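Listed below are the residues making up each chain.
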Amino acid sequence: MTTPRFVTWEPSIGQAIIEEFKAKPGALLPLLHAIQDRFSYIPEDAVALIAGALKLSRAEVHGVISFYHHFRTKQPGRHVVEVCRAEACQAVGARHLEAYAKSILDVQYHQTTADNNITLEPVYCLGNCSCGPSVRVGDEIYAEVDTQRFDELIESLKTERLEVQ
Amino acid sequence: MVQRIYIPSDTTAKALGADRIAKLIDIMANDQNIELDIKRNGTRALYWLEPLIEVDTAQGRFGFGPVKEADLESLFAAKFWQGDVEHPLALGLVDDIAYLKHQQRLTFARIGEIDPLSLSDYQKLNGFNGLKKALTMDSQALVDQVKESGLRGRGGAAFPTGIKWQTVLNAPSEQKYIVCNADEGDSGTFADRLVMECDPFMLIEGMIIAGLAVGATQGYIYLRSEYPLAYKTLNQAIGLAYGNNLLGRDIQGSGKHFDLEVRLGAGAYICGEETSLLESLEGKRGLVRAKPPLPAIVGLFGQPTVVNNVLSLAAVPFILDQGAKAYADCGMGRSRGTLPFQLAGNVKRGGLVELAFGPKLSELMFDFGGGTRNGRPLRAVQVGGPLGAYLPESQWDTQLDYEEFAKEGAVLGHGGVVMFDDTVDMSEQARFSMEFCVAESCGKCTPCRIGSTRGVEVIDRIRAGVNVNSNIELLEDLCETMVDGSLCAMGGMTPFPVQSAMKHFRDDFMKSTVSATNTEEV
């Protein structure tokens, strides 16, 4: 598994990304993705820069960010763990897995563990519906995740050496 | 002699450990001086057998699966790379596996067989034959082919694709667009994902043909962000297509022009609704637009736009290559061609089953699916995603056909079939349907935005045993309001699973110990 390389917010890096995307038709979503992919979230300062470049109000940019579940305005933990709570996974024990994940991580959805290692998020379907329950960490999907496999997964995220940029 | 083997590489095979198996096989083969050429195919989507390793032989491909790390030693001891050998995981010839053999894979003829990013693999199996023909035809002839095929929108609404194309062709404009709806958000569906991960050139080919048919030069694939592998594969495939003069200006010296780009969604189920999708592509909140005007007249950036599901566009190369009649010859009634069904949830043999319309739902769930994964009795089935009705046993003999399902108050939708065993609490499932709508409503219309929240509250009261009878009456009334008053299918169909649960599984709503005749004010 690879850990995404995120960098700390810096206006010059943000501005460079904005320049790359701003001329595209319907630029806002690709731009927000690029910002979040780089910084792990969309910092408040970026919103003002984006609004200026796309000739939108900050409220309009904020409105778009808040509409989509994927975008976040706060820095997440080192890993984002998404648990599928859609019907196909429910049929094979996802409700139990959700409850278990919250209890062993001691967080609710959208929260980050005390050691800042894991942010827990719900997701509605990962397209792995024949082999649920499904969990996503970064760009990796895991199949048939029972509580034991979830424990192993969390353990591997604790011990994994992080890439340093 | 170098022996070629195939190890799948789609999301589910990877999620079941296919990458690690591939790595270990490579290491073990090196250690034992066995020359193996490991090729990564997509997947056959026979998921209970994944990771499914295939060995190329003169007789065909022999399969072994599901292969776990612990099986590798015995597989090497059995010299699995020779193909026809004895081993507990030996499946014989892959093409002879009943689950695969009894399907009619028109759209999915290549998946699992080819390397998804090999243009030569694609071309060897009829790839780009449809495009070659299309480049010699005029626009109206192309639209006529699609009309004659009887193809209907595979995203769920089942609107005739050819009619939609005709509308866009007839709309005068300098700039038109082809938009592929790849926001496959329905739980229990993964057929779009399979196209994009396992046979991406087919979708690209379908989109180019659509562009030629209606006079559009720009295409967008709106892909959900929950599909990271599909995103990567599509982008690689588009890069290869550009590099080989299959996209861009003067395609194959024809003077025709088509550009294609993938755009990522951002986790909003509503963006699978076509007008919400267009808003999102324009960089806005995914608010549903009122229709009319139809997107075919006023679509992306105000221009005439074809919005088609992945599977609709993926069916087009076959129709052009083999002829409209070959496609229309399959199916029943007004449902022509094939629908790729997806068996999911609590199912023993999950996977993709492409069938001509017509067989019974029970044949799909039992003959193919083998019943539940855990062996418990099957109790309820949700067909067509989170907005589809739950079907009780009395409806399992319904034929797989758009109109037959509509008669039962159900939908085929995008072909997802999610199976639940007898431990399911249907009042809990009904609550989830409303809860999902709360999370995913775009908020534009009141019945959907507020109705869903009230729906959760009312179901909670029923489940708690508060004024059960009058609250059930209230819930029925609320459902009718949502169905009749919502702007789009999100609010308009969220009640389907709720109503079907109340109708067919009423006991689950009456379980509470509190008196059902409590007369306290609701």
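All of these numbers come straight from a predicted model, not from anything done at the bench. (Residues numbered from 1 in each chain as written. Chains lettered and ligands numbered in written order. Predicted model: local features only at pLDDT ≥ 70, side-chain atom pairs only at ≥ 80, totals over all residues.)

### Description of the interface of chain A and chain B
Contacts between the two partners involve 32 residues from chain A, matched on the other side by 46 residues from chain B. Among the elements of the structure, helix 2 (28-39), helix 4 (58-67), helix 5 (87-90) and strand 4 (140-142) of chain A are those that each provide at least two residues to the side of chain A that touches chain B. It is helix 2 of chain A that contributes the most residues to the side of chain A that touches chain B, four residues altogether. For the side of chain A that touches chain B, the per-class residue count stands at 22 nonpolar, eight polar and two charged. (Contact = placed C-beta atoms within 7 Å. Helix = DSSP H or I, 4+ residues; strand = E, 2+ residues; numbered from the N terminus. Nonpolar A, V, L, I, M, F, W, Y, C, P; charged D, E, K, R; others polar.)

### Topic: the sheet that holds strand 6 (residues 177-182) of chain B
Residues and elements named next belong to chain B. Within the open sheet, the four strands sit side by side as 8-7-6-9. Their pairing is parallel. Only two strands of the sheet have a single neighbouring strand rather than two, namely strand 8 (259-264) and strand 9 (305-309). Direction aside, the axes of adjacent strands within the sheet are offset by 20° on average. Both strand 6 and strand 7 (residues 218-223) contribute to a ladder of six bridges, which runs parallel. Residue pairing across strands places V179 opposite Y220, the latter belonging to strand 7. Contacts from helix 10 (residues 200-214) reach strand 6, strand 7, strand 8 and strand 9, with the element oriented near 145° to strand 6. Across the sheet, helix 13 (residues 310-322) lies against strand 6 and strand 9, angled at about 95° from strand 9, the strand it touches most. (Pairing = 2+ DSSP bridges. Axes fitted to C-alpha atoms, helices over the stretch in contact; angles between N-to-C directions.)

### Details of the domain arrangement of chain B
Residue and element names in this part refer to chain B. When its domains are assigned, chain B resolves into domain 1 (3-101), domain 2 (119-328), domain 3 (331-421) and domain 4 (426-509). Summarising the inter-unit geometry, the C-alpha centres of domain 1 and domain 2 are found 34 Å apart. On the domain 2 side, the residues contacting the five residues of domain 1 number six residues. Partitioned by chemical class, the residues of the side of domain 1 that touches domain 2 number one nonpolar, three polar and one charged. (Domains from an automatic or database assignment.)

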